[in-house]
Amino acid sequence: MDAVSSTAIMPPAAPLTDGTFCLRYRRASDLDAICAASHDPETRRWLDDPPMDAEVRAASRARVAEAWRTGRSAPLVIADSVTDQPAGLINVQFRDDDVATIAYSVFPGRRGQGVAPRAVRLAVDWAFSDLGVSELLLEIDPGTSLRSGWPASAGLSLLAVWF
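Now for a quick tour of the structure. (Residues numbered from 1 in each chain as written. Predicted model: local features only at pLDDT ≥ 70, side-chain atom pairs only at ≥ 80, totals over all residues. Heavy atoms only, no water.)

To continue, consider the sheet that holds strand β6 (residues 135-138). In space, the 6 strands of this open sheet follow the order β1-β2-β3-β4-β5-β6, with mixed pairing throughout. Looking at strand neighbours, the two that pair on one side only are β1 (16-17) and β6, the edges of this open sheet. As judged from the 2 bridges shared by β1 and strand β2 (residues 21-24), these two strands associate in the antiparallel manner. In the sheet register, L16 faces β2, and the bridge partner there is L23. (Pairing = 2+ DSSP bridges. Helix = DSSP H or I, 4+ residues; strand = E, 2+ residues; numbered from the N terminus.)

Following this line, the structure appears as structure tokens:
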């Protein structure tokens, strides 16, 4: 059974931004970058879906719209606030009405530039303030993410580590 919020989710009226990166609704112009990243080995390590082919690419925007409409999730693009170029993806995925997980992927050319903590902080703030979420869960690679300290820099607390 798919986890789902009981109501449709409305995308932010304007991009959520910290002045360096923003979270915004996905556009057709983002598909080349999303497709390329879906073939990246580090990205592949975290996904259950196969890399995007022509069929998946063609259905991508409809699947995103369906996720918002059904309340299942809120998929957004992480973009550079100045150039608007995609830097990654982030998704608030509902387990029920007030519990959600955050999943993200930073595109290969933007890794190591502080994209993840900034994007997660924006998504966390939005989920708590606008989506009615009371609990957010974030799955991360404890070997790299905890050493770098970025979850704490995004205002997150470690609750548990599973291996």
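As enumerated under the stated definition, the model contains 10 salt bridges in all. One salt bridge in this structure joins R118 and D18, with 2.8 Å as the shortest N-O distance. Placement of R118 in helix α4 (residues 115-130) and of D18 in the loop between β1 and β2 is noted, with a sequence separation of 100 residues between them. The exposure class of D18 is partly exposed, given its relative accessible area of 32%. A salt bridge links R45 to E42; the shortest N-O distance between them is 3.1 Å. Accessibility expressed as a relative area gives 49% for R45, which makes it partly exposed. Members of the salt-bridge network, linked through shared partners, are R24, R27, D30 and D84. (Salt bridge = Lys/Arg side-chain N within 4 Å of Asp/Glu carboxyl O. Buried < 20%, exposed > 50% of the residue type's maximum accessible area, 1.4 Å probe, protein only.)

Turning our attention to the pairing of β2. Working note: regular strand, side chains alternate between the two faces of the sheet. By the alternation rule, side chains of β2 split into F21 and L23 and C22 and R24, which are all buried. Hairpin connection from β1 to β2: 3 residues lie between these consecutive antiparallel strands, with G19 at a positive phi of about 95 degrees.

Take the side chain of D30 next. Structurally, D30 can be placed in the loop between β2 and α1 (31-37). With a relative accessible area of 1%, D30 lands in the buried category. When sequence neighbours within four positions are dropped, the list of residues in contact with D30 reads R24, Y25, V77 and P86. (Contact = heavy atoms within 4.5 Å.)

Let us now look at the environment of R63. With respect to the helices and strands, R63 occurs in helix α3 (residues 54-70). Of the residues examined, R63 reaches a relative accessible area of 44% and is grouped as partly exposed. A sequence separation of 12 residues divides R63 from P75, and the C-alpha atoms of the two residues are 9.9 Å apart. The contact partners of R63, leaving out residues within four places of it in the chain, are V56 and R72.

Counting 28 residues, the largest nonpolar core has L23, I78, I90, V92, W126, L131 and L136 as its most contacted members. Only β2, α3, β3 (73-80), β4 (86-96), β5 (99-106) and α4 provide two or more residues apiece to this core. Sequence-distant contacts of I90, defined by excluding residues within four places in its chain, comprise L23, A74, P75, L76, I78, I102, A103, Y104, A119, V120 and A123. Of all hydrophobic cores here, the second largest spans 10 residues; its members include C22, C35, V77 and A79. (Core = buried A, V, L, I, M, F, W, Y, C linked by side-chain atoms within 4.5 Å.)

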